[in-house]
Amino acid sequence: MSLWVRRGKIRPSLYPWCKFGLNLRCLSYAETTTASIRTTYAYLSCDSTAQFHSLLAQGIPIVVDVDRRKLQGGWTPRDFIKYFGDRRIKVVNAQTNHSFHSTVKAFFEQFGQSRASTEVLKLKDWPPEKNFRVAFSDHYESFVDSVPFPDTTRPDGTLNMRSHYPKNGVVPDLGPKMYNAFGTMEGENGNGSTRLHMDITDAVNIMAYAEPFPDGRPGSARWDIFPQASVGKLREFLRVHGGFKGVGDPIHSQTIYLTPTLLKTLEEQHGIRPYTIYQIPGQAVYIPAGCPHQVSNQTDAVKVACDFLSIENLSVTERLAHDFRRHRLAGGFAPDVLQLYPTLWYAWRALGLLYVALSPQDTAVTT
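Overview of the structure. (Residues numbered from 1 in each chain as written. Predicted model: local features only at pLDDT ≥ 70, side-chain atom pairs only at ≥ 80, totals over all residues. Heavy atoms only, no water.)

**As for the overall build of the protein chain**
For the protein chain, the helix and strand inventory stands at 10 helices and 16 strands. Out of the 367 residues in the protein chain, the part that is buried amounts to 50%. For the protein chain, the share of sequence-separated contacts (at least 6 apart) that also reach a separation of at least 24 residues comes to 76%. Carbon together with sulfur atoms contributes 52% to the accessible area of the protein chain, which is approximately 18,000 Å² in total. (Helix = DSSP H or I, 4+ residues; strand = E, 2+ residues; numbered from the N terminus. Buried < 20%, exposed > 50% of the residue type's maximum accessible area, 1.4 Å probe, protein only. Contact = heavy atoms within 4.5 Å. Areas by Shrake-Rupley, 256 points an atom, 1.4 Å probe, with all protein chains shown as cover.)

As structure tokens, this is what we get:
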């Protein structure tokens, strides 16, 4: 069955099930290649909607420059100290994984300061319990106003299937959340800001602030994002060379960071090389569902991220939901926050209501 809509009430060109006529030569690519897996991420403009959907469906990471005029509000350490300084928070040492309680002021006062290389602190999934929109209403509005491709990536985006969950229900909390961390130690002894893991849905991450380098260059974060097709070999590699001896899945365990030596060995033995992206302030990185990734802040940084459930990667999300369930059963890990099948049911109902709401003169259906 195909549905077409007149009078501009719905723009079919925005819908991912449309057949896009793409000229991929118009894209700007940053490219690395290997003998077996070509790892090319795409650099798009905010109005490249058709290309965005196509690349997302192919599992290719995407970088987009955010309209900084829309990313309003206070995102600097000074702003957080001024408005939220007395709030109690849980801080994690990225090197040791040890956590302790502190305050927003004590954490952000250390931004831009020299310190021991082993003291790489991070404030992740902030706020951990409260809804981001409630805890940081101005920052929430800034995020949703500025995030590229809003029909798909905003929490209330029409093409984000999560958005159709009833508001009077227990809506899956897929973000946004803030991820704030110090710059990390490079080399063989580093554990990055975020260790290797894999998200069950697609995700977008915007760098809102970063301390500049001493020479004045913009601060950045290094992303290593692995292709979806590499997951099987990557798991095998982590068990043999990554030192994983735990229960469950070596990727879902979030206990391993691939050092330069491990990355080199992975390429030499399996022909796998990650998409490597250096994100600077004002850039959004899109990570397709099922792509393992790790992050290393080059300088102290503030980032805000949100998961979204797209139709392009729905089959990947469903497969990962089963993987995560097995991982949880094996080790008693965190519960399912996505609620995939109820979410899909409500999205399906919303589609039916949309169809009914269209008047006969606005629609034509062919089978």
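**Notes on the pattern of salt bridges**
A full pass over the atoms with the stated rule returns nine salt bridges. Between Lys177 and Asp173 there is a salt bridge, with its nearest N and O atoms 3.2 Å apart. Since its relative accessible area comes to 9%, Lys177 is described here as buried. For Asp173, a relative accessible area of 35% translates into the label partly exposed. Shared partners join several salt bridges into a network, and the residues in it are Arg235, Asp249, Arg319 and Asp323. (Salt bridge = Lys/Arg side-chain N within 4 Å of Asp/Glu carboxyl O.)

**Describing the nonpolar core**
Grouped together as the largest cluster of nonpolar side chains are 57 residues, with contacts concentrated most on Phe80, Phe107, Phe108, Trp126, Met178 and Tyr286. The element contributing the most residues to this core is strand E10 (residues 202–210), with seven residues. Sequence-distant contacts of Phe107, that is, excluding residues within four places in its chain, are made with Ile89, Val91, Ser102, Leu121, Lys122, Leu123, Asn180, Ala181 and Phe182. Membership of the second largest hydrophobic core comes to 27 residues, among which are Phe226, Phe237, Ala289 and Leu320. (Core = buried A, V, L, I, M, F, W, Y, C linked by side-chain atoms within 4.5 Å.)

**Details of the environment of Asn180**
Tracing the backbone through its elements, the reader meets Asn180 in strand E8 (residues 177–181). Residue class for Asn180 comes out buried when judged on its relative accessible area of 1%. Between the alpha carbons of Asn180 and Lys303 there is a distance of 6.0 Å; along the sequence they are 123 residues apart. Those residues within four positions of Asn180 in sequence are excluded, and the remaining contacts are Phe107, Phe108, Leu121, Lys122, Leu123, Trp126, Ala301, Val302 and Lys303.

**Notes on the sheet that holds strand E14 (residues 293–297)**
Here we have four strands laid out as an open sheet, ordered E9-E14-E11-E12, and antiparallel in their pairing. Two strands lie at the open edges of the sheet, namely strand E9 (194–197) and strand E12 (275–279), each paired on one side alone. In this sheet, adjacent strand axes meet at a mean angle of 15 degrees when their direction is disregarded. Taken together, the two bridges between E9 and E14 define a ladder with antiparallel strand orientation. (Pairing = 2+ DSSP bridges. Axes fitted to C-alpha atoms, helices over the stretch in contact; angles between N-to-C directions.)

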